[in-house]
Amino acid sequence: MAEKKIDMSSIKSKGFLPQRQENMFSMRLKVVSGNLDAEKLRAIADAAEKYGSGYVHITSRQQIEVPFVKLEDVEAARNELEEKGISGGSAGKKVRAVVACQGNRVCRHGLIDCENLAYTIDEKYFGEPVPKKLKIAVTGCPSACVRPQDNDFGVMGTVKPETLEENCVGCKLCEKACKMGAIKVLEEKAHIDAEKCILCGACITACRKDALKAEKTGCTVFVGGRAGRQPKQGVKIIELADEEQLFSILEKTFEYYRREGLDGERLGDLIDRQGIEKYLDTIRCMLYTEN
Ligand code: SF4
Ligand code: SF4
Ligand code: SF4
């Protein structure tokens with residue numbers, strides 16, 4: 001009897017990655033912004049016991065994989081988890097699930113709601129076809145815990161501090177809080193060096209006299225970064241973008257990548273090949289908007 005041909009691309013498109021062991025697959029599950037509720041975690045634990053080897057692997061991009069799923073169990077495992085609201089992860093030439101830190105919902109340094117942003121981005125772009133792959137990260141402040149600079153499209157919460165001289169008593173708490181040496185108290189008044197300031201907001205949190213406030217909160221955007229064999233830092237293209245600007249830039253970037261990218265080319269390579277100006281021209285209207 002002729003052997004049944006395995007449609008490997010169909011299996012991979014459902015998030016099953018072939019293992020080095022024959023007919024074994026690691027089932028990748030979609031996790032947006034690194035959050036999963038307890039019910040879904042239990043369902044995944046059950047699936048790992050039923051179809052895998054009783055454990056899960058958490059990837060460097062916050063995804064969960066259940067290794068050692070047999071070829072004959074692929075469909076059943078997929079369907080069972082799908083029924084519980086757990087989708088397969090993205091693989092191949094597609095947009096990946098958005099990674100994010102806990103942002104201002106949980107982290108005391110957070111400047112933006114990373115979870116909300118990550119879900120909104122994910123809803124629109126997850127699984128969309130692209131020339132190679134598109135990785136997106138959203139991080140809540142310049143500590144950059146989810147490394148936005150290492151992603152094709154990285155978003156980082158930022159805040160521009162403003163001094164209210166009349167309230168300043170020269171206590172230097174802001175100076176001590178600033179790890180960049182960007183704020184100095186001279187003649188009992190705080191002064192910010194905009195060249196050194198990384199827009200982290202630590203000085204605003206430290207001041208107890210309301211002498212520092214947020215002039216503007218927004219997002220810094222990096223494009224064209226990646227990790228891997230040939231790591232590359234993304235290029236910073238805007239600071240303090242508001243949400244509307246951010247989504248316009250993302251949409252234009254996505255359109256540009258799909259239109260101009262060669263098969264198998266990462267966004268960073270496309271930008272290198274055509275030059276950053278060509279890319280910036282595409283999104284120019286947003287970049288000219290005053291911050
Ligand atoms: S990037 Fe900032 S907000 Fe996000 S977890 Fe790190 S310190 Fe907290
Ligand atoms: S912490 Fe506030 S009051 Fe103290 S020096 Fe800085 S700005 Fe002035
Ligand atoms: S925002 Fe951050 S880097 Fe800028 S002056 Fe304040 S503490 Fe320093």
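Whatever comes next refers back to the structure up there.
Fair warning: this is a prediction, and the values are worked out from it, not measured in the lab. (Residues numbered from 1 in each chain as written. Chains lettered and ligands numbered in written order. Predicted model: local features only at pLDDT ≥ 70, side-chain atom pairs only at ≥ 80, totals over all residues. Heavy atoms only, no water.)

### Some details on the site of ligand 3
Then, number 1: Around ligand 3, a shell composed of P161, C178, M180, A182, C197, I198, C200, G201, A202 and C203 is seen.
Then, number 2: Class assignment for the residues of the shell around ligand 3 results in nine nonpolar, one polar and no charged. (Near = heavy atom within 4 Å. Nonpolar A, V, L, I, M, F, W, Y, C, P; charged D, E, K, R; others polar.)

### Describing the packing of helix α8 (residues 243-260) against helix α9 (residues 267-274)
Then, number 1: Relative orientation of the contacting elements α8 and α9 amounts to 75 degrees, with a least axis distance of 10 Å. Between α8 and α9, the interaxial angle falls into the category roughly perpendicular. Every residue of α9 that contacts α8 at T253, Y256, Y257 and E260 is listed here: L267, L270, I271, R273 and Q274.
Then, number 2: Residues belonging to the contact of α8 with α9 are distributed by class as follows: five nonpolar, two polar and two charged. (Axes fitted to C-alpha atoms, helices over the stretch in contact; angles between N-to-C directions. Helix = DSSP H or I, 4+ residues; strand = E, 2+ residues; numbered from the N terminus. Parallel < 35°, antiparallel > 145°, perpendicular 65-115°, else oblique. Contact = heavy atoms within 4.5 Å.)

### Comments concerning α9
Then, number 1: Listed as buried for α9 are L267, G268, L270 and I271. Take α9 and look down its axis: the buried residues cluster within an arc of 160 degrees, on one side only.
Then, number 2: A positive phi of about 95 degrees marks G275, the residue just after α9. (Buried < 20%, exposed > 50% of the residue type's maximum accessible area, 1.4 Å probe, protein only. Arc of directions from axis to C-beta.)

### What about the sheet that holds strand β6 (residues 136-139)?
Then, number 1: One open sheet holds the five strands; their spatial order is β5-β6-β7-β10-β11, and the pairing between them is mixed. At either margin of the open sheet sits one strand with a lone partner, and together these are β5 (99-100) and β11 (235-241).
Then, number 2: Where strand β7 (residues 153-163) meets strand β10 (residues 212-223), eleven bridges bridge the pair, whose relative direction is antiparallel. Residue P161 lies in a different strand from β10, and its bridge partner there is A214.
Then, number 3: Strands β6, β7, β10 and β11 of the sheet are contacted by α8, whose axis makes an angle of about 150 degrees with β11. (Pairing = 2+ DSSP bridges.)

### Thoughts on the pattern of salt bridges
Then, number 1: Taken as a whole and assessed by the stated rule, the structure comprises 19 salt bridges.
Then, number 2: A salt bridge links D263 to K93, with the nearest nitrogen and oxygen atoms 2.7 Å apart. On the criterion of sequence distance, the pair formed by D263 in the loop between α8 and α9 and K93 in the loop between α3 (74-83) and β5 is long-range, its members being 170 residues apart.
Then, number 3: One connected set of salt bridges, linked through shared partners, spans R105, D113 and E115. (Salt bridge = Lys/Arg side-chain N within 4 Å of Asp/Glu carboxyl O.)

### What about the pairing of strand β8 (residues 183-186)?
Consecutive side chains of a regular strand alternate in pointing toward one face of the sheet and then the other.
Then, number 1: Of the two faces of β8, only one is covered, namely that formed by I183 and V185; the face formed by K184 and L186 stays uncovered.
Then, number 2: Across four bridges, the pairing between β8 and strand β9 (residues 189-192) is antiparallel. What sits directly across from V185, in β9, is A190.
Then, number 3: Following β8, the chain reverses through two residues before pairing antiparallel with β9; E187 in that reversal takes a positive phi of roughly 50 degrees.

### Describing a positive patch on the surface
Then, number 1: A surface patch of like charges, here positive, comprises K172, K176, K184 and K196.
Then, number 2: For K176, the position within the fold is in helix α6 (residues 173-177).
Then, number 3: In this structure K176 comes out as exposed when scored by relative accessible area, which is 67%. (Patch = residues over 30% accessible without salt bridge, like charges linked within 9 Å, V, L, I, M, F, W, Y side chains within 5 Å. Areas by Shrake-Rupley, 256 points an atom, 1.4 Å probe, with all protein chains shown as cover. Lys, Arg positive; Asp, Glu negative; His and termini not counted. Charge placed at Lys NZ, Arg CZ, Asp CG, Glu CD.)

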